[in-house]
There are 2 protein chains.
Amino acid sequence: MTTLQSDPTGGPADRPLRVALLGCGVVGSAVARLLTEHASDLTARVGRPLELAGIAVRRTNIDRPGIDPALFTTDADELVARDDVDLVVEVIGGIEPARTLILSAIANGASVVTANKALLAEDGPRLFEAAETAGVDLYYEAAVAGAIPIIRPLRESLVGDDITTVMGIVNGTTNFILDKMHTEGSSFDDVLAEAQALGYAEADPTADVEGFDAAAKAAILAGLAFHSRVTAADVHREGITEISSADIAAAKLMDCTVKALAICTSEEVEGERRISVRTHPAMIPNSHPLASVGGAYNAVVVESTNAGRLMFYGPGAGGDPTASAVMGDLVTIARNRVRGAAGPGESAYAQRPVMGMGEVVTRYFISLEVIDQPGVLATVAASFAEHGVSVQTMRQEALHRAEDGGARLVLVTHSAPESALGATVDALANLSEVHEVLSVMRVEGE
Amino acid sequence: MTTLQSDPTGGPADRPLRVALLGCGVVGSAVARLLTEHASDLTARVGRPLELAGIAVRRTNIDRPGIDPALFTTDADELVARDDVDLVVEVIGGIEPARTLILSAIANGASVVTANKALLAEDGPRLFEAAETAGVDLYYEAAVAGAIPIIRPLRESLVGDDITTVMGIVNGTTNFILDKMHTEGSSFDDVLAEAQALGYAEADPTADVEGFDAAAKAAILAGLAFHSRVTAADVHREGITEISSADIAAAKLMDCTVKALAICTSEEVEGERRISVRTHPAMIPNSHPLASVGGAYNAVVVESTNAGRLMFYGPGAGGDPTASAVMGDLVTIARNRVRGAAGPGESAYAQRPVMGMGEVVTRYFISLEVIDQPGVLATVAASFAEHGVSVQTMRQEALHRAEDGGARLVLVTHSAPESALGATVDALANLSEVHEVLSVMRVEGE
Ligand SMILES: NC(=O)c1ccc[n+]([C@@H]2O[C@H](COP(=O)([O-])OP(=O)(O)OC[C@H]3O[C@@H](n4cnc5c(N)ncnc54)[C@H](OP(=O)(O)O)[C@@H]3O)[C@@H](O)[C@H]2O)c1
Ligand SMILES: NC(=O)c1ccc[n+]([C@@H]2O[C@H](COP(=O)([O-])OP(=O)(O)OC[C@H]3O[C@@H](n4cnc5c(N)ncnc54)[C@H](OP(=O)(O)O)[C@@H]3O)[C@@H](O)[C@H]2O)c1
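Residues numbered from 1 in each chain as written. Chains lettered and ligands numbered in written order. Predicted model: local features only at pLDDT ≥ 70, side-chain atom pairs only at ≥ 80, totals over all residues. Heavy atoms only, no water.

Draft legend 1. Structural context of the overall build of chain A. Within chain A one finds 14 helices and 17 strands. Taken over the C-alpha trace, chain A has a radius of gyration of 25 Å; the compact-globule value for 446 residues is 22 Å, and the two agree within 12%. Taken along its principal axes, the extent of the C-alpha atoms in chain A is 90 × 50 × 30 Å. Surface summary for chain A: the accessible area is close to 16,500 Å², and the carbon and sulfur share equals 50%. Distance from the positive charge centre (33 side chains) to the negative charge centre (60 side chains) of chain A: 6 Å. (Helix = DSSP H or I, 4+ residues; strand = E, 2+ residues; numbered from the N terminus. Rg over C-alpha atoms; globule rule 2.2 N^0.38 Å. Areas by Shrake-Rupley, 256 points an atom, 1.4 Å probe, with all protein chains shown as cover. Lys, Arg positive; Asp, Glu negative; His and termini not counted. Charge placed at Lys NZ, Arg CZ, Asp CG, Glu CD.)

Following this line, the structure appears as structure tokens:
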């Protein structure tokens, strides 16, 4: 086998590779700094210098210390269309103009690094196809779990194995909020306000607390792990805004912690491999490795038939950690360019069907306020049995408000289809013996 | 940029890639099984079928169920020299004949996967140079920490960052032994015998308990992290055979756990970047993420300037997990072959000098039996001061054997050069006020 030693784009073999940076915010400014500070190491690692061709921003009238002002432009379209651009880093975010800019960069023969999970989860296949056709790279390690290497392990290290589960804490903001609620007993609203004041949550926290960010990441992880195309629309999404202090307290009593999880599974159903992709809060046992992931940290557990259970842990966001992941991709695509071949492209041959949430098998924790009289337990138990749901543990507690004459029932089910669990909860709510369904939460991680 | 779509080795573009497997023991037999069981997935992932060309073993007269007997040969030299072999998997282990076989495979134009840490740590540069010259791949994810993706993250994901520390539990056998000593209070010899009976330790446990295996892995990790050539001879190596139940008990009192660690650091000394590479037992605080890694599991913590602290955790050995890592490499080098270019080669441009152990800065835990009389504390403290070592905590305890008229002093130092710490311990041992130096251990991980 012969390796191309020279640059297939032409020009002298030691010509610098020219990098267009799109966006210079939290992540982009850290990327610009690293390109300058680490220039000589980067040259040695790539085999050729990396040189900033230009930086696209919205506003040119603000001070960006340490970066040559001549590099800035508001004309991103012109920048990615330049003849001499080899590599493009997209850290603007959002769908447009990011999508058009990436497609135009690819059409222009450039390889691309992006940190844009929203775009990849919405329209990834179109971008991957464009890159494959053009024979260029599209890398995106920073799009999921910030600095934690998780894309490359799924795309390459585990590509000879059969991945069954990917389960992770992939949103630092919601983990910070739930962790605070857990350790301080505070309400969701109070902790959200504190997180906003500390800069851990944005002024508009919707993308995080309603689970859109985690859903995008779940779609990307599932697509990679199961060699299938998965978009954000395939992901069952529940946010954490409904989590109450009472839910957290209930979890504690169960020796569990409430975490916002992204969960991707693949299982054999009726002779075919099907996948499920979802993000929602759930109780996990304190003995589970994800239970102790605190603050704004991220962690992803991957289970496969041969490797067993692996865990990846680290900072899931922030300018410098995210820039570290971007720079790893940038050096990789630059090396590929020097060697004359793109890395592995999209692998979506398996096209495993995505199950509807109703089919997905989970476990429920349910707490109910019931009337305190003989036969109630039997009625409640019958309701579970009717829906084919079997109960793993059931505990009855006196209520604080004993004058109400009620009692609290706390149940944990065995695994059952979501549809059956949902129907059971509906039926329970309609029983005259049940005053109130106090709390319903999935239980994960065994 | 154009990508080579056809196979540069010639032949039809859908010709199977032929794989020679060297060794069919714990790892090799799992690789052979996966190549057969996952054939159709592997074909889809690579873009071409992978086909076993032959399997080299020592003995052909033993039963190897599930594998076509016609594949076996005792003539490994002939197998790797065959014209039609594209990819070679070396899972024999040891220096020879593994080295000669790999070099011959490379010279024959094949890309290679190996799990052989001993060979890589002894003579890696020679193999990497041969691969670079031939334009083929040499991949070795399985050589360190079994199924845990750690080579690829260091070689690619973090290649745009500046790694400062790699610290890990990379030998499952010694972690199993120390964990048992910790939880059961048993002696090293008893636990070793138990580990041998359970198959966690080999009949000759030298490579594990004397730290040779961990030293080889430390050399590989340091080389990758610091873009320098590091061999096993550069690694300061201490085994765990001297660890006593008393040491473990002392660690517990300090709210610490004793772990056998591989530690690679890079720091600025006198205006230049120097590295240190060592493996030895050490106390780490129970709050450190490595403290809770139990049983035969492995984990590696990587610290870098921008990504912060990352951790990778999982099964560090065993046939199936190790085969998972081998298969990930095999698919990767097969994809590279289909695309017509090798992946990144050795990156050793930095050639940071390796410090002698005497220069390395560590902390010591020291416990001493001293005579119980006024002035002893002052004498001991003076000994530390003379060697420029400052003491962080010092505690005096009555001895159980009060009739001896002695007392126990327990000290933890601040960071100081090893040479100064060693000289202090020697001086203490010679003080007439000191009956005995009971225990000396490094303290890591803050
Ligand atoms: N922040 C993190 O911790 C993190 C972690 C992982 C992934 N990411 C991803 O990284 C990407 C960037 O995030 P960020 O936090 O760095 O965002 P940011 O701080 O809001 O920065 C966005 C940058 O894009 C520029 N920009 C916006 N619209 C533009 C347009 N139409 N043309 C040219 N430039 C435009 C902005 O210009 P001005 O400077 O002039 O406003 C700004 O420099 C997103 O996809 C995000 O999801 C971020
Ligand atoms: N086992 C693990 O958990 C693990 C984990 C990580 C890395 N590794 C590495 O993987 C490699 C293999 O380990 P292993 O545990 O699979 O070893 P193993 O069980 O001892 O198997 C060695 C294999 O090599 C064959 N062999 C020995 N000498 C040979 C020769 N001269 N010519 C041809 N074949 C020969 C043996 O043939 P016979 O079958 O005829 O004896 C056997 O099949 C080693 O480098 C090891 O460090 C192992």
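Draft legend 2. Spotlight on the environment of B:Gly185. Residues and elements named next belong to chain B. Note on placement: Gly-185 falls in the loop between α7 (172–184) and α8 (188–198). Residues Gly-185 and Ala-249, 64 residues apart in the sequence, show an inter-C-alpha distance of 7.9 Å. Leave out the neighbours within four places in its chain, and Gly-185 touches Lys-180 and Ser-245. (Contact = heavy atoms within 4.5 Å.)

Draft legend 3. Examining the domain arrangement of chain A more closely. Under the domain assignment, chain A is made up of domain 1 (17–146 + 320–339), domain 2 (156–316) and domain 3 (360–443). Each of domain 1 of chain A and domain 3 of chain A has a C-alpha centre, and these two points are 53 Å apart. (Domains from an automatic or database assignment.)

Draft legend 4. Summary view of the site of ligand 2. Residues and elements named next belong to chain B. In the neighbourhood of ligand 2, 21 residues make up the surrounding shell, with Cys-24, Val-27, Arg-59, Arg-64 and Gly-318 lying closest. At 2.8 Å from an oxygen atom of ligand 2 is found a main-chain nitrogen or oxygen belonging to Cys-24. One of the side-chain N or O atoms of Lys-117 is found 3.2 Å from an oxygen atom in ligand 2. A per-class count over the shell around ligand 2 returns 11 nonpolar, six polar and four charged. (Near = heavy atom within 4 Å. Polar contact = N/O pair within 3.5 Å; in protein donor to acceptor, adjacent residues only side chain to side chain. Nonpolar A, V, L, I, M, F, W, Y, C, P; charged D, E, K, R; others polar.)

Draft legend 5. Region of the structure containing the sheet that holds strand β5 (residues 111–114) of chain A. All names here are of chain A. With parallel pairing, six strands are arranged side by side in an open sheet as β3-β2-β1-β4-β5-β6. If you trace the sheet from one side to the other, it starts and ends with β3 (72–73) and β6 (138–139), each paired once. Direction of pairing for strand β1 (residues 17–22) relative to strand β4 (residues 87–90): parallel, over a ladder of four bridges. Within β4, the residue paired with Ala-20 across the bridge is Val-88. Relative to the sheet, helix α12 (residues 319–339) contacts β1, β2 (50–56), β4, β5 and β6, its axis offset from that of β5 by approximately 170°. (Pairing = 2+ DSSP bridges. Axes fitted to C-alpha atoms, helices over the stretch in contact; angles between N-to-C directions.)

Draft legend 6. View of the packing of aromatic side chains. This model, assessed by the stated rule, comprises seven aromatic pairs over all chains. When the ring of A:Phe312 is compared with that of B:Phe312, the centres are 6.1 Å apart and the planes differ by 80°; the resulting orientation is edge-to-face. You can see A:Phe312 sitting in strand β12 (residues 308–315) and its partner B:Phe312 sitting in strand β12 (residues 308–315), one on each of two chains. A centroid spacing of 5.6 Å and a plane angle of 50° characterise the contact between B:Phe128 and B:Tyr140, whose relative ring orientation is tilted. Of this pair, B:Phe128 sits in helix α5 (residues 117–134) while B:Tyr140 is found in the loop between β6 (138–139) and α6 (151–157), placing the two residues 12 residues apart along the sequence. Relative accessible area serves as the criterion here: at 13%, B:Phe128 is assigned to the buried category. According to the relative accessible area criterion, B:Tyr140 is buried, its value standing at 5%. Against the face of A:Phe212 rests A:Arg237, its NZ or CZ located 3.8 Å from the ring centre. Just above the ring of B:Tyr139 sits the side chain of B:Arg155; from NZ or CZ to the centre is 4.5 Å. (Phe/Tyr/Trp six-rings, centres within 6.5 Å; stacked < 30°, edge-to-face > 60°. Buried < 20%, exposed > 50% of the residue type's maximum accessible area, 1.4 Å probe, protein only. Lys NZ or Arg CZ within 6 Å of the ring centre and 35° of its normal.)

Draft legend 7. Fine view of the packing of helix α2 (residues 39–46) of chain A against α12(A). All names here are of chain A. Interhelical geometry of α2 versus α12 gives an angle of 45° and a closest axis separation of 9 Å. When the axis of α2 is compared with that of α12, the two are oblique. Helix-helix and strand crossings are classified by hand; for α2 and α12 the assignment is right-handed. In this structure, α2 uses Leu-42, Arg-45 and Val-46 to contact α12, whose residues at the interface are Met-327, Val-331, Ala-334, Arg-335 and Val-338. (Parallel < 35°, antiparallel > 145°, perpendicular 65-115°, else oblique. Left-handed = near helix turned anticlockwise from the far one by under 90°.)

Draft legend 8. Geometry of the pattern of salt bridges. Residue and element names in this part refer to chain A. On inspection of all chains with the given rule, the structure shows 58 salt bridges over all chains. For Asp-329, the salt bridge goes to Arg-152, with nearest N and O atoms at 2.9 Å. Of this pair, Asp-329 sits in helix α12 while Arg-152 is found in helix α6 (residues 151–157), placing the two residues 177 residues apart along the sequence. One connected set of salt bridges, linked through shared partners, spans Glu-96, Arg-99, Asp-123 and Arg-126. (Salt bridge = Lys/Arg side-chain N within 4 Å of Asp/Glu carboxyl O.)

Draft legend 9. Quick look at the relation of the copies chain B and chain A. The operation relating chain B to chain A is a screw motion whose rotation component is 180°, with 0.0 Å of axial translation and a residual RMSD of 0.0 Å. Interpreted geometrically, this transformation is the action of a two-fold axis. Of every C-alpha in chain B, the one belonging to B:Phe312 sits nearest the axis of rotation, 2.4 Å from it. Most of the interface of chain B is mirrored in chain A: 100% of its interface residues are interface residues there too. (Least-squares fit on C-alpha atoms with pLDDT ≥ 70 in both.)

Draft legend 10. Region of the structure containing the interface of chain B and chain A. At the junction of the two partners, chain B supplies 58 residues and chain A supplies 58 residues. Counting each side, the surface lost to burial between chain B and chain A is near 5,200 Å², with a carbon and sulfur contribution of 54%. The partner of B:Arg152 in a salt bridge is A:Glu156, with the nearest N and O atoms 3.2 Å apart. The tally of links between chain B and chain A comes to 26 residue pairs in polar contact (both at pLDDT 80 or more). Among the elements of the structure, α1 (26–37), α2 (39–46), α5, α6, β12 and α12 (319–339) of chain B are those that each provide at least two residues to the side of chain B that touches chain A. Classifying every residue of the side of chain B that touches chain A gives 25 nonpolar, 17 polar and 16 charged. Across three bridges, β12(A) lies against β12(B) in antiparallel orientation. Along β12(B), the bridge assignment pairs A:Met311 with B:Tyr313. (Buried area = accessible area lost by both parts, 1.4 Å probe.)

Draft legend 11. Quick peek at the site of ligand 1. Residue and element names in this part refer to chain A. Lining the immediate environment of ligand 1, one finds 21 residues, of which Cys-24, Val-27, Arg-59, Arg-64 and Gly-318 sit closest. At 2.9 Å, a side-chain N or O of Arg-58 approaches an oxygen atom of ligand 1. A distance of 2.8 Å is found between an oxygen atom of ligand 1 and a side-chain nitrogen or oxygen belonging to Arg-64. Surface burial for ligand 1 is 78%, taken as the share of its 910 Å² of free accessible area covered by protein chains. Of the residues that constitute the shell around ligand 1, the class distribution is 11 nonpolar, six polar and four charged.

Draft legend 12. Broad picture of helix α5 (residues 117–134) of chain A. Residue and element names in this part refer to chain A. The terminal C-alpha atoms of α5 lie 22 Å apart, and with 18 residues this falls more than 12% below the ideal 26 Å at 1.5 Å per residue. By the largest-angle criterion, Asp-123 marks the main kink of α5, which is about 90°, and a proline, Pro-125, follows within four residues. Looking at the buried positions of α5, the neighbouring elements they touch are α4 (98–107), β5, β6 and α10 (212–226). Within two residues after α5, Gly-135 carries a phi angle of roughly 70°, on the positive side. (Expected span 1.5 Å × (residues − 1). Bend = angle between axes of the 7 residues up to and from the residue.)

Draft legend 13. Expanded view of a nonpolar patch on the surface. Residue and element names in this part refer to chain A. Residues Leu-377, Val-391 and Met-394 make up a contiguous nonpolar surface patch of roughly 210 Å² in combined accessible area. With respect to the element layout, Met-394 can be found in strand β14 (residues 391–398). Relative accessible area serves as the criterion here: at 35%, Met-394 is assigned to the partly exposed category. (Patch = residues over 30% accessible without salt bridge, like charges linked within 9 Å, V, L, I, M, F, W, Y side chains within 5 Å.)

Draft legend 14. Examining the packing of α4(A) against α5(A) more closely. All names here are of chain A. One can describe the packing of α4 onto α5 by two numbers: an axis separation of 10 Å at closest approach and a directional angle of 10°. By the angle between their axes, α4 is roughly parallel relative to α5. When α4 is examined against α5, the residues Ala-98, Arg-99, Ile-102, Leu-103 and Ile-106 are found in contact with a partner set consisting of Leu-119, Asp-123, Arg-126, Leu-127, Ala-130, Ala-131 and Ala-134. When its residues are assigned to classes, the contact of α4 with α5 shows nine nonpolar, no polar and three charged.

Draft legend 15. Highlighting the confidence of the model for chain A. Residue and element names in this part refer to chain A. Looking at chain A as a whole, the pLDDT averages 94, with 96% of positions reaching at least 70. Long-range and interchain partners of residues 1–8, a stretch whose pLDDT sits below 50, account for 24 contacts in this model, where long-range means more than four residues apart. In the predicted complex, the global pTM is 0.95; the interface-specific ipTM is 0.94. (pLDDT = per-residue confidence, 0-100.)

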